[in-house]
Amino acid sequence: EEFWWEHDVPKEVFSRLIQPTDVDEFFQSFWEKQPVVIKRSGNARASSSSLFSRDSLDSILKGEEIEFGLHMNACRYVDGQRENLSPQCGRASSSKVWKLFDKEKATLQFHQPQQYQDSLWHLCAALEAYFGCLVGSNIYMTPPGSQGLAPHHDDVEVFIIQLEGSKHWRLYKPLDVLSRTCSRDLEQKDIGEPSHDFTLNPGDLLYFPRGTIHQADTPAGGSHSTHITISTYQRWSNSDLLHAVLPAAVEAACSGHVNFRKGLPLRVMSENGTASTEHAGAQVSSLLSMLQDLTKSLSSNVTEEITRRAVDAVNADFVSSRLPPPPQPNAANVPAKKKKKDAEDCLSDSRVSPCGDAPSSEDQQVRLLYAPGYLNVLIGEKPLELSGMDGEGSDEEEEAEEEESNDGGSNKGEEEDDEEEEEEE
């Protein structure tokens, strides 16, 4: 049986993540605008525990080298104060973790579980392909009658799936809309009354934009709560692309406009900083006017070529950091239960081979085009395909090639020996 997060089409995975909400409706009404709670029942609720559970975590703790601080944190929020209960380092053994959870009533925060759980690997990889940027996740497990974290906001778009038990949530209006930074722990007096107050049950989904202040607790008298937080769009805003574009635009402006190359006024740095005297006001005003004029003329230097190169630079960082393709049930040469501790370990087993001509000179333009399962390098207008991103090719084929190579080398050596014997005769 195929679960919805194993679907081959990334858009279909996202569609099922937010169903019954329509994808177009979601982006028009909610994305980067406001929170939405999507209640589930039936199959959606039943399948949620297959993503991750307390048993899943226990199996990982017993079978993997999980470290406090690096992979696992334990904390609780009591009387307006957050307490960190886990050691800063050391092995997070099953006995230590469950003692903190069951006896200390600590919330467990398990970082990037997709590195250890195939179901989450499939889900996060599909969402990375759909959004075209990095996707991360955390598991939060909280005992009944407990809260782990103080009110705060994050710098990512957040999707939360309730997996086990129930979680009571309170959301508040953002202090900084679409914030680029995570907040400190906030106090109740600073955040006002909640704009949303609700409880998630297994299978339910919550989405809220970055900057949304939130806190959550597990109701007393029931079972523990487990949910997964899926995060994306960290440092993926217009300003982040501008950071990549503007340095090249400034260089282009310097090459084409003498005003950008003129020297600064004498002693401009020593007399116009924040520690300068009031008498420097006129010079500061002149300096400000000059910089504003240069900035206005800078926009004409943001060309298509500069934009493309900036996009390539940002995309190259994404491609190098994203999850490797998850194992496919019927794919050839895909090791079962590939460990995901380090993406490079996984990619080292993938066969990436060029198909076509390599660049003939250093001056030729090279661009990257990435899509799920393959990578194209554009050299001018001609693509150089890099195949094998999904494990194409087999060990048998490689062994056959090696045998042919060895046989050829052996025959060649025999021929050379025969020629030498003839010459000696």
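Since the model is a prediction, treat every value here as computed from it, not as a measurement.

Turning our attention to the sheet that holds strand β10 (residues 205-208). With respect to topology, eight strands assemble into an open sheet ordered β1-β10-β7-β12-β5-β4-β2-β3, the strand pairing being antiparallel. Looking at which strands have only one partner, the edges of the open sheet turn out to be β1 (36-38) and β3 (81-84). On average, adjacent strands in this sheet sit at an angle of 20° to one another, irrespective of strand direction. Two strands pair when backbone bridges link them, and β1 and β10 are joined in this way by three bridges, in the antiparallel orientation. Looking across to β10, one finds that I38 is bridged to L205. Relative to the sheet, helix α1 (residues 10-18) contacts β1, β7 (157-164) and β10, its axis offset from that of β7 by approximately 65°.

If you walk across this open sheet you meet the four strands as β6-β11-β8-β9, and the pairing is antiparallel. The open sheet terminates on both sides in strands that have one partner only, identified here as β6 (146-147) and β9 (196-200). Relative to β9, strand β8 (residues 167-172) runs antiparallel, the two sharing five bridges. Across the sheet, H168 pairs through a bridge with T199, a residue of β9.

The set of residues buried in α1 consists of P10, V13, F14, L17 and I18. Angularly, the buried residues of α1 cover 120° about the axis, an arc narrow enough to put them on a single face. Its buried side turned inward, α1 meets α2 (23-29), β1, α6 (118-131), β7 and β10.

Definitions and limits used
- Residues numbered from 1 in each chain as written.
- Predicted model: local features only at pLDDT ≥ 70, side-chain atom pairs only at ≥ 80, totals over all residues.
- Heavy atoms only, no water.
- Pairing = 2+ DSSP bridges.
- Helix = DSSP H or I, 4+ residues; strand = E, 2+ residues; numbered from the N terminus.
- Axes fitted to C-alpha atoms, helices over the stretch in contact; angles between N-to-C directions.
- Contact = heavy atoms within 4.5 Å.
- Buried < 20%, exposed > 50% of the residue type's maximum accessible area, 1.4 Å probe, protein only.
- Arc of directions from axis to C-beta.

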